[in-house]
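Geometric and topological summary
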Amino acid sequence: MEKPEKVFFLLEQLRLCILRNDFVRSSIIAKKISPRFFKSDIIVKHQDLKFKYYKLMILLDLYNKNYVGVSNHYYNLSETEAFLDKAKIITFLKNAVVYAILAPYSEEQWATVRRVSEDSNFDQIPKYKELVQLFIKEEIISWKKDILGVYDKLKAWNASSTDYVEEYVESEEHVLANLEQLQCRVGEHNMRIVSKYYSRIYLNRIAELVDWNVEKTEEFLCKLIVNGTIPLAKICRPSGVVNFVPKKKSEEELDDWAVGTVDVMEKINKVTHLILKERMMYKNVHSFCEEEDSDEEDWFTDTLFKRQSSDYDEYFDEPDENTEDAYAEMDESISESISESDLKAMESELMKSSIELEDISEVEVVFDRPFL
């Protein structure tokens, strides 16, 4: 028996089990059919099998409330080459968006929503893509302002848009269930956003943000805590406060403090090392500049002295012994005329001036920019 024929018989068994509402046996039979078969080259000639398979899988996943699977099946149907009708393909894409949003939050659901927002095929239905963007943004969605009157009137919620599957999908109860599920998903999204931005918040404030009463908000929040969507939240009923961040134990706080202290000390050591490095660089550059300045000054004084000596040697003769004796007698007469008290005063003034000069010489020069 060839593989397409085998798949045909399995699909017939699956269809009969669904008609008998035997969904347990239907799930067992569905696992015997590999989805990779419908992506192979063999299926090009058997597009009817592909459509039949995804049609039955939609019914099965709707019964099991696996909305992510339903969304993926509708998306695969939109890629079926047997359907050249653009209107029907757009209908498949709309339902893919709707059931991706109706699915409870999980990693798989988030990946499906992201794929819908990034796929260019969904540009044909801009209104539905805007609805997806509401759930991607980390902002609270108002059920009354953002959903009612805008997105609840979309054709995908109506029974007429799904008449190509079965009567189970066409029922009015199914449409109302979809809208109720949409309201739950909006509330779930809002709760996740609140838990992300708040560590502690009053329950009545949450009810105000999500447009619900306090009783319904508390009940829905408890469901999210139980199913693991917001596992760390705790409700204090006497005070009416919801804690989204659990209180740390003393050991955990001590560990956090120790880690923070080590981090601070490492930064201090690094800054100290950089300061010392900068000082060493400054000293080296400063000493180098002083050496260059002293060399230039010596060269300048030498050349100036040589020039002066060469210019004035011809006007002044070398001093003889008589002139030296005259200078010595003049110094003695000046020293005798000045008293000892005056000499001490002059010495003290000279000492003060020398001290001030030393202080000035020790002044450090601070540069605006470090030397590199």
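Residues numbered from 1 in each chain as written. Predicted model: local features only at pLDDT ≥ 70, side-chain atom pairs only at ≥ 80, totals over all residues. Heavy atoms only, no water.

**Overview of the packing of helix 5 (residues 86-102) against helix 6 (residues 107-118)**
The condition is simple: All axes are obtained by fitting lines to C-alpha atoms, using only the stretch in contact for helices, and the reported angles, taken between N-to-C directions, cover 0 to 180 degrees. Each helix corresponds to a stretch of at least 4 residues labelled H or I by DSSP, and each strand to a stretch of at least 2 residues labelled E; elements are numbered beginning at the N terminus. In this scheme the handedness of a crossing depends on how the near helix is turned from the far one: anticlockwise by less than a right angle means left-handed, clockwise means right-handed. Contact between two residues is taken to exist if any of their heavy atoms lie within 4.5 Å; hydrogens are not considered. Each residue is assigned to one of three groups, with Ala, Val, Leu, Ile, Met, Phe, Trp, Tyr, Cys and Pro labelled nonpolar, Asp, Glu, Lys and Arg labelled charged, and all others, Gly among them, labelled polar.
Closest axis-to-axis distance for the helix 5/helix 6 pair is 9 Å, and the angle between their directions is 145 degrees. Our pair here, helix 5 against helix 6, has a crossing hand that is left-handed. Residues Val97, Ala100 and Ile101 of helix 5 form the contact with helix 6, whose own contacting residues are Gln109, Thr112, Val113 and Val116. Within the contact of helix 5 with helix 6, the residues separate by chemical class into 5 nonpolar, 2 polar and no charged.

**Focus on the packing of aromatic side chains**
Cut-off, in case you're wondering: Only the six-membered ring of Trp is used, alongside the rings of Phe and Tyr, when aromatic pairs are assigned; centres must lie within 6.5 Å, and planes under 30 degrees apart are stacked while those over 60 apart are edge-to-face, with the rest tilted. The rule is simple: take the accessible area with a 1.4 Å probe, protein chains only, and divide by the maximum for that residue type; under 20% is buried, over 50% is exposed, in between is partly exposed. Charge-over-ring placement is defined geometrically: NZ (Lys) or CZ (Arg) within 6 Å of the ring centre, and within 35 degrees of the ring normal.
The final tally for this structure, using the stated rule, is 8 aromatic pairs. Plain terms: the ring middles of Tyr74 and Tyr99 are 5.8 Å apart, the flat faces sit at 15 degrees to each other, and that makes the pair stacked. Here Tyr99 lies in helix 5 and Tyr74 lies in helix 4 (residues 67-78), a separation of 25 residues in the sequence. A residue is classified by how much of its surface remains accessible, and Tyr99, at 1% relative accessible area, is buried. Pairing Trp212 with Phe220 gives two aromatic rings, centres 5.0 Å apart and planes at 85 degrees, and the pair type is edge-to-face. Among the residues examined, Trp212 registers a relative accessible area of 13% and is labelled buried. Directly above the ring of Tyr75 sits Arg115, whose terminal nitrogen or CZ lies 4.3 Å from the centroid. The positively charged end of Arg192 is found above the aromatic ring belonging to Tyr105, 3.9 Å away from the centroid.

**Considerations on a positive patch on the surface**
Selection criterion: Exposure above 30% relative accessible area and the absence of a salt bridge qualify a residue for a patch, where like charges join within 9 Å and nonpolar side chains (Val, Leu, Ile, Met, Phe, Trp, Tyr) within 5 Å. Areas reported here follow the Shrake-Rupley algorithm with a probe of radius 1.4 Å; residue values treat only the protein chains shown as occluding. Whenever Lys or Arg places a side-chain nitrogen within 4 Å of a carboxyl oxygen from Asp or Glu, that contact is recorded as a salt bridge. Counted as positive: Lys and Arg. Counted as negative: Asp and Glu. His and the chain ends are not counted at all. To locate a charge, take NZ of a lysine, CZ of an arginine, CG of an aspartate or CD of a glutamate.
A cluster of basic side chains, namely Lys3, Lys6, Lys32 and Arg36, defines a positive patch on the protein surface. Within the secondary structure layout, Arg36 lies in the loop between helix 2 (23-30) and helix 3 (47-64).

**A short note on the sheet that holds strand 1 (residues 200-202)**
Defined as follows: Strands qualify as paired when DSSP identifies two bridges or more between them.
Spatially, 1-3-2 is the arrangement adopted by the 3 strands of the open sheet, whose pairing is antiparallel. The open sheet has two edge strands with one neighbour each: strand 1 and strand 2 (234-236). Going from strand to strand, the sheet's axes swing by 25 degrees on average, the running direction of each strand aside. In the sheet, strand 1 pairs with strand 3 (residues 241-243) via 3 bridges, with the strands oriented antiparallel. Looking at the pairing, Tyr202 lines up with Val241 of strand 3. Along the sheet face, helix 11 (residues 203-210) touches strand 1 and strand 3 and points at about 80 degrees away from the line of strand 1.

**Observations regarding helix 3**
The periodicity of an α-helix, 3.6 residues per turn, causes residues three or four positions apart to be oriented the same way. Using the following cut-off: To estimate the expected span of a helix, count its residues, drop one, and scale the result by 1.5 Å.
Between the first and last C-alpha of helix 3 there are 26 Å, a value that for 18 residues agrees with the 26 Å anticipated at 1.5 Å per step. Counting buried residues in helix 3 gives 13 out of 18 residues, a clear majority hidden from the surface. Just downstream of helix 3 lies Lys65, where phi reads positive at about 60 degrees.

**Some details on helix 2**
What counts, and what does not: This arc corresponds to the set of directions leading from the helix axis out to the C-beta atoms.
Among the residues of helix 2, Phe23, Ser26, Ile29 and Ala30 are the ones counted as buried. Buried residues in helix 2, looked at end-on, bunch into an arc of 115 degrees, giving them a common side. For helix 2, the exposed residues set more than 90 degrees away from the buried face come down to Val24 and Arg25. As for helix 2, its buried residues are in contact with helix 1 (3-19) and helix 3.

**What about the side chain of Asp61?**
Here Asp61 shows up in helix 3. It is Lys31 that comes nearest to the buried, bridge-free Asp61 among opposite-charge side chains, at 10 Å. Asp61 has contacts with Asn66, Gly69, Val70 and His73, leaving out every residue within four places of it along the chain.

**Re unusual backbone geometry**
Glycine aside, residues mostly have negative phi angles, and peptide bonds mostly take the trans form. A positive phi angle, near 60 degrees, is found at Asn21, a position not held by glycine. Mapped onto the elements, Asn21 comes out in the loop between helix 1 and helix 2. A residue is classified by how much of its surface remains accessible, and Asn21, at 57% relative accessible area, is exposed. Residue Lys65 is not a glycine yet carries a positive backbone phi of 60 degrees. Relative to the helices and strands, Lys65 resides in the loop between helix 3 and helix 4.

**Regarding the confidence of the model for the protein**
Threshold: How sure the predictor is of each residue is captured by pLDDT, a score from 0 to 100.
In the predicted model, the protein carries a mean pLDDT of 75, and 68% of its residues have values of at least 70. Here residues 159-170 is modelled with pLDDT under 50, and outside its nearest four sequence neighbours on either side it reaches 26 contacts, counting other chains as well. Per-residue pLDDT stays below 50 along residues 311-317; that stretch engages in 0 contacts with residues further than four places along the chain or on separate chains.

**Brief notes about the packing of helix 3 against helix 4**
Which entries qualify depends on this criterion: Just so you know how the angles are binned, under 35 degrees is roughly parallel, over 145 roughly antiparallel, 65 to 115 roughly perpendicular, and the rest oblique.
At a minimum axis separation of 9 Å, helix 3 and helix 4 run at an interaxial angle of 160 degrees. Relative to helix 4, helix 3 is oriented roughly antiparallel. The two elements helix 3 and helix 4 cross, and the hand of that crossing is left-handed. Within the contact between the two elements, helix 3 uses Lys50, Phe51, Tyr54, Met57, Ile58, Asp61 and Leu62 and helix 4 uses Tyr67, Gly69, Val70, His73, Tyr74, Asn76 and Leu77. Residue classes in the contact of helix 3 with helix 4 are distributed as 9 nonpolar, 3 polar and 2 charged.

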